[in-house]
Amino acid sequence: MGVFASDTGHEQVVYCQDKQSGLRAIIGIYSTALGPALGGTRFYPYASEADALHDVLELSRGMAYKNAMAGLDLGGGKAVIWGDPEKIKTEALLRAYGRMVQSLGGRYYTACDVGTYVQDMDVIARETKFVTGRSLEHGGAGDSSILTAWGVFQGMRAAAEHLWGSPSLAGRRVGVAGLGKVGRYLTGHLLEDGASVVATDVSEKALAWARQAHPEVDLVADTAALVASEMDVYAPCALGGALDDDTVPALSAKIVAGAANNQLAHPGIEKLLEDRGILYAPDYVVNAGGVIQVADEIEGFNFERAKLRATRIYDTTRELLELAAAEGVPPAVAADRMAERRMAEVGRLRTIRL
Ligand SMILES: NC(=O)c1ccc[n+]([C@@H]2O[C@H](COP(=O)([O-])OP(=O)(O)OC[C@H]3O[C@@H](n4cnc5c(N)ncnc54)[C@H](O)[C@@H]3O)[C@@H](O)[C@H]2O)c1
């Protein structure tokens, strides 16, 4: 724990409560230097208020970096609703939350995250216009995992180009940890490009999907078995913390590029990867396709425009890997530098009075 807004430099942290509906939420705005803060709402049964605060501070900061690197005119924010969505999620609670978002007057746009879905955003939108991730019937972008997977694929291609001189993954073996929404689309892109895929998931449903949709995918028992198997690229697409002190030394892959957020278990792992000669395409750079997809709703959703923007994750990843090599720092460090530079340089322009 031990993360407080005073230490992290957040612009605004708002506590929201509506006793009748049971709403307890915290909205964290890390930065609006590039525009209104955009980030999803996580609905989760945190063990304590301190845990909820810790999560929202970390996540909202991460969104500022992700949105900056995605080239969006959006700052970084995130919200958490504290409680078990299975037990307390009601229309009244979601609408109470929508009114809290509205009260910020557009400084924060919300979206889906763990525990919140497209249908929930439609309910929240009855009280606020500052909401994305809505259903297609309501002009929304729908399932954001489509462009998340597309963007991860583009980032992986850029890493392949950087390391092997060609972006093609044909003939390469890619390990996909997690065959959820993103992992499934990613598997499709990889197979289409001519790669072979080895994968795992803890869910029998996900494994059944793989056996039925892609019998050519090799399935292994668990993540440890996947990490230990021969592969060229490792794509963590399940939970955070996938790259830790046990995983990195065991990896045969020369590239890591996947969808999961917060893949580095602790600071220093980026150096461990580099020392082992593994090229790490930073998570928040390659998994920005989802936020690009929902951000497009603010202009009136257009899938082709959003896809073009997500395709540019290829160029951003290449530029970043070149910068990292030129500056002699791990890609994760170079990504933070690039994001901070954009926030400072573009954010400063508002001081030019109009
Ligand atoms: N969906 C998006 O648009 C998006 C955007 C950015 C980042 N992400 C991140 O990408 C990751 C995947 O997202 P998703 O939307 O596909 O989620 P999801 O819940 O649909 O899929 C996750 C999958 O991982 C599996 N899993 C969980 N623990 C596992 C374990 N220990 N070993 C193997 N498999 C395990 C689950 O069974 C599930 O099938 C998450 O970390 C998410 O935060 C998603």
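Everything below is about the structure shown above.
Residues numbered from 1 in each chain as written. Predicted model: local features only at pLDDT ≥ 70, side-chain atom pairs only at ≥ 80, totals over all residues. Heavy atoms only, no water.

### A closer look at the nonpolar core
- In terms of nonpolar packing, the biggest core is built from 36 residues, with I27, L38, Y97 and Y108 touching the most fellow members.
- Contributing elements (two or more residues each) for this core: β1 (12-18), β2 (23-31), β3 (37-38), β5 (75-82), α4 (91-103), β6 (108-109), α5 (118-124) and α13 (289-295).
- With five residues, α4 is the largest single contributor of residues to this core.
- If we skip the residues at most four places from it in the chain, Y108 touches I27, I29, A37, G39, G40, T41, G77, K78, A79, Y97, V101 and F130. (Core = buried A, V, L, I, M, F, W, Y, C linked by side-chain atoms within 4.5 Å. Buried < 20%, exposed > 50% of the residue type's maximum accessible area, 1.4 Å probe, protein only. Helix = DSSP H or I, 4+ residues; strand = E, 2+ residues; numbered from the N terminus. Contact = heavy atoms within 4.5 Å.)

### Quick notes on the environment of L239
- With respect to the secondary-structure elements, L239 resides in the loop between β10 (233-236) and α10 (247-250).
- Taking C-alpha positions, L239 is 7.2 Å from N261, a pair spaced 22 residues apart along the chain.

### Observations concerning the site of the ligand
- Around the ligand lies a shell of 20 residues, among which S144, T148, V182, D201 and A238 are the nearest.
- Within the backbone of V182, a nitrogen or oxygen atom sits 2.9 Å from an oxygen atom of the ligand.
- Starting from 830 Å² of accessible surface for the ligand in isolation, the protein chains cover 73%.
- Elements with a minimum of two residues in the shell around the ligand: α6 (145-164) and α7 (181-193). (Near = heavy atom within 4 Å. Polar contact = N/O pair within 3.5 Å; in protein donor to acceptor, adjacent residues only side chain to side chain. Areas by Shrake-Rupley, 256 points an atom, 1.4 Å probe, with all protein chains shown as cover.)

### Quick notes on the packing of α6 against α7
- It is at 8 Å that the axes of α6 and α7 come closest, and there the two elements cross at 45°. Our classification of the angle between α6 and α7 gives oblique. Viewed along their axes, α6 and α7 form a crossing whose handedness is right-handed. When α6 is examined against α7, the residues S145, I146, T148, A149, W150, V152, F153 and M156 are found in contact with a partner set consisting of K181, V182, Y185, L186, H189, L190 and D193.
- The residue inventory of the contact of α6 with α7, partitioned by class, reads 10 nonpolar, three polar and two charged. (Axes fitted to C-alpha atoms, helices over the stretch in contact; angles between N-to-C directions. Parallel < 35°, antiparallel > 145°, perpendicular 65-115°, else oblique. Left-handed = near helix turned anticlockwise from the far one by under 90°. Nonpolar A, V, L, I, M, F, W, Y, C, P; charged D, E, K, R; others polar.)

### Things to note about the sheet that holds strand β12 (residues 279-280)
- Reading across from one edge, β9-β8-β7-β10-β11-β12 is the order of the six strands in this open sheet, with parallel pairing throughout. Each edge of the sheet is formed by a strand with only one pairing partner; in this case those strands are β9 (218-219) and β12.
- Of the strand pairs in this sheet, strand β11 (residues 255-256) and β12 are connected by two bridges, and their pairing is parallel. Across the sheet, the residue bridging to V256 is Y280, located in β12. (Pairing = 2+ DSSP bridges.)

### Focus: the pairing of strand β8 (residues 196-200)
- Buried residues dominate β8, accounting for four of its five residues.
- Summarising the sheet, strand β7 (residues 173-177) and β8 pair through five bridges and their orientation is parallel. By the bridge assignment for β8, A177 is matched with T200.
- A crossover links β7 with its parallel partner β8, the connecting element being α7, and its sense is right-handed.
- As judged from the two bridges shared by β8 and β9, these two strands associate in the parallel manner. Along β9, the bridge assignment pairs A199 with L219.
- Viewed along the sheet, the connection from β8 through helix α8 (residues 204-213) into β9 turns out right-handed. (Right-handed = clockwise from strand over helix to strand, strands pointing away.)

### With respect to a nonpolar patch on the surface
- A cluster of nonpolar side chains, I146, Y185 and F303, forms an exposed patch at the surface whose accessible area comes to about 230 Å².
- Relative to the assigned elements, F303 resides in helix α14 (residues 303-311). (Patch = residues over 30% accessible without salt bridge, like charges linked within 9 Å, V, L, I, M, F, W, Y side chains within 5 Å. Salt bridge = Lys/Arg side-chain N within 4 Å of Asp/Glu carboxyl O.)

### Quick notes on α7
- An ideal rise of 1.5 Å per residue puts 18 Å on 13 residues; α7 measures up with 19 Å between its terminal C-alpha atoms.
- Residues V182, G183, L186, T187, H189, L190 and L191 constitute the buried set of α7.
- Looking at the buried side of α7, the elements it contacts are α6, β7, β8 and β10.
- Phi for G194, located one or two positions after α7, is positive at around 100°. (Expected span 1.5 Å × (residues − 1).)

### With respect to the side chain of H214
- The residue H214 is located in the loop between α8 and β9 in this model.
- Residue H214 is classed as buried on the basis of its relative accessible area, which comes to 19%.
- Among residues more than four places away in sequence, those in contact with H214 are T187, G188, L191 and W209.

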